[in-house]
Amino acid sequence: MTGAARSAGWLRIMPAVFVLIWSTGFIVARYGMPYAPPLKFLTVRYALSVICFLAWVRVARVAWPRDRVQWGHLAVTGVLMQAGYLGGVWAAVRAGMGSGLIALLVGIQPVLTAVWMSMTGGTITRRQWAGLFLGFLGLVLVVSRKLGQGGEVNVLTMGLALMALLSITVGTLYQKRFVAPCDVRSANAIQLAAALLVTLPFAALETDSIQWNLASGGAMAWSVLALSLGGSSLLYILIQRGTATAVTSLLYLVPPCTAVMAWLLFAEPITVVTLAGIATTAVGVSLVVRGER
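Anyway, here's the lowdown on the structure attached to this text. (Residues numbered from 1 in each chain as written. Predicted model: local features only at pLDDT ≥ 70, side-chain atom pairs only at ≥ 80, totals over all residues. Heavy atoms only, no water.)

1. Focus: a nonpolar patch on the surface
Operational definition: Only residues above 30% relative accessible area that lack a salt bridge enter a patch, with like-charged residues linked at up to 9 Å and the nonpolar side chains Val, Leu, Ile, Met, Phe, Trp and Tyr linked at up to 5 Å. Here, Shrake-Rupley sampling with a 1.4 Å probe gives the accessible areas, and only protein chains in the shown set may cover a residue. The term salt bridge refers to a pairing of a side-chain nitrogen on Lys or Arg with a carboxyl oxygen on Asp or Glu at a separation within 4 Å. By the criteria applied, helices consist of DSSP H or I runs no shorter than four residues and strands consist of E runs no shorter than two, each listed in order from the N terminus. The buried label goes to any residue with under 20% of its type's maximum accessible area, the exposed label to any with over 50%, and the partly exposed label to all in between, with areas taken from a 1.4 Å probe on protein chains only.
Together, Tyr31, Val260, Trp263, Leu264 and Leu265 make up an exposed nonpolar region whose accessible area comes to about 500 Å². Considering every element that reaches the nonpolar patch, the biggest residue donor is helix α11 (residues 254-266), with 4 residues. For Val260, the location among the structural elements is in helix α11. Classification of Val260 by relative accessible area gives partly exposed; the value is 30%.

2. A closer look at helix α7 (residues 155-178)
Spelled out, the test is: Given a helix with a known number of residues, its expected span is that number minus one, times 1.5 Å. In what follows, residue pairs with any heavy atoms lying within 4.5 Å of each other are defined as contacts.
With 24 residues, α7 extends 33 Å from end C-alpha to end C-alpha; this agrees with the ideal 34 Å at 1.5 Å per step. Buried within α7 we find Thr157, Leu160, Ala161, Ala164, Leu165, Ser167, Ile168, Thr169, Gly171, Thr172, Leu173 and Gln175. Structurally, α7 contributes buried residues whose contacts are with α3 (68-94), α4 (99-106), α5 (109-119), α8 (184-203), α9 (214-241) and α10 (244-249).

3. Remarks on the pattern of salt bridges
Enumeration according to the criterion identifies 2 salt bridges in this entry. In this structure, Asp183 and Arg185 form a salt bridge, with 2.8 Å as the shortest nitrogen-oxygen distance.

4. Here we look at the packing of aromatic side chains
Here is the rule we go by: Only centres within 6.5 Å qualify two rings of Phe, Tyr or Trp (six-membered ring in Trp) as a pair; their planes then separate them into stacked at under 30 degrees, edge-to-face at over 60, and tilted for everything else. By the criterion adopted, a ring carries a charge over it if an Arg CZ or a Lys NZ lies within 6 Å of its centre and within 35 degrees of its normal.
Scanning the model with the defined rule gives 5 aromatic pairs in all. Aromatic side chains Phe53 and Trp56 sit 6.0 Å apart centroid to centroid with 15 degrees between the ring planes, which places their arrangement in the stacked category. Of this pair, Phe53 and Trp56 both sit in helix α2 (residues 38-60), 3 residues apart, roughly one helical turn. On the accessibility criterion, Phe53 (0% relative accessible area) is buried. Residue classification places Trp56 among the partly exposed residues on the basis of a relative accessible area of 36%. The ring of Phe178 has Arg177 sitting right over it, with the charged end atom 4.9 Å from the ring centre.

5. Focus: the packing of α7 against α9
We apply this condition: An axis is simply a line fitted to the C-alpha atoms; with a helix, the fit covers only the stretch in contact. Between two such axes, the angle follows the N-to-C directions and lies from 0 to 180 degrees. Our angle categories are set so that under 35 degrees counts as roughly parallel, over 145 as roughly antiparallel, 65 to 115 as roughly perpendicular, and the remainder as oblique. Note on convention: the crossing is left-handed when the near helix lies turned anticlockwise from the far helix by less than a right angle, right-handed when the turn is clockwise. Lys, Arg, Asp and Glu make up the charged group, whereas Ala, Val, Leu, Ile, Met, Phe, Trp, Tyr, Cys and Pro make up the nonpolar group; the residues left over, Gly among them, are polar.
Running from amino to carboxyl end, α7 crosses α9 at an angle of 55 degrees, the nearest separation of the two axes being 9 Å. Regarding the angle of α7 to α9, the classification is oblique. For α7 against α9, the interelement crossing comes out right-handed. Residues Thr172, Gln175 and Lys176 of α7 form the contact with α9, whose participating residues are Tyr236, Ile239, Gln240 and Arg241. Split by residue class, the contact of α7 with α9 holds 2 nonpolar, 3 polar and 2 charged.

6. As for helix α6 (residues 126-143)
To be explicit about the condition: The arc in question is the one traced by the directions running from the helix axis out to the C-beta atoms.
The terminal C-alpha atoms of α6 lie 26 Å apart, and with 18 residues this matches the ideal 26 Å at 1.5 Å per residue to within 8%. For α6, the full list of buried residues reads Gln128, Gly131, Leu132, Gly135, Gly138, Leu139, Val142 and Val143. Take α6 and look down its axis: the buried residues cluster within an arc of 130 degrees, on one side only. Exposed and facing more than 90 degrees away from the buried side of α6 are Arg126 and Phe133.

7. Some details on unusual backbone geometry
In this structure, Arg61 is a non-glycine residue whose phi angle is positive, near 55 degrees. Residue position: Arg61 is located in the loop between α2 and α3. Relative accessible area serves as the criterion here: at 77%, Arg61 is assigned to the exposed category.

What follows is the structure, given as structure tokens:
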């Protein structure tokens, strides 16, 4: 197989690999959340991830962006897509919002992205609008069993959830609009360093400390190696190569994939409604992606 063929094959499976890795986020949270306050956990994750990326950049002799403006754009996306999104989701769950509701609220992102794209001159076909609707309908079916679990809705949890939703939406659009193509390793190092600087002061306000054990240590290792080095890098590449609408529609597939993982790891039941939601979501995302092509 030639290098071009291998590259084309990797590009074809990249969305699927991203969804699989990103879906483990809620699994990691389930393992680590009981033993660590959310912002302190994320602060350690960002710090270790920055160290790993810096080592990778040095060994591979990767070039850094030469334009200071690009450093600023990367820092903004890091604050939005790392600190704002992850911090909001983790803090909302810790404050009592059920994982089903937070997944549903954050799942509005592809629709918000499409609305913004259409308002600013982007072309969203009827097929893609239908796919977005089906994707969200499938998401509702997948998470319906978990709705109502937890303290759910109050001013704090809704504020954190909306912060996460707006952060990932604006961050995706901002990166697509302002961030010039550059090496994903140096870009991630800058983004995560910015997220670390923003999260650190808030983490210092948390009174609890991290209890290190096999569960929390394993959750941290997976968060750094798989989610940050792998998932964040793939998301960066996908945003650079695809349209914002098509990329964000992939996030519809995360809750269904997480539901399957929870069934395998924790024996959480998968109902007929869940299966119907998974199928509906898959059809919806397929319509969005094919509409782009």
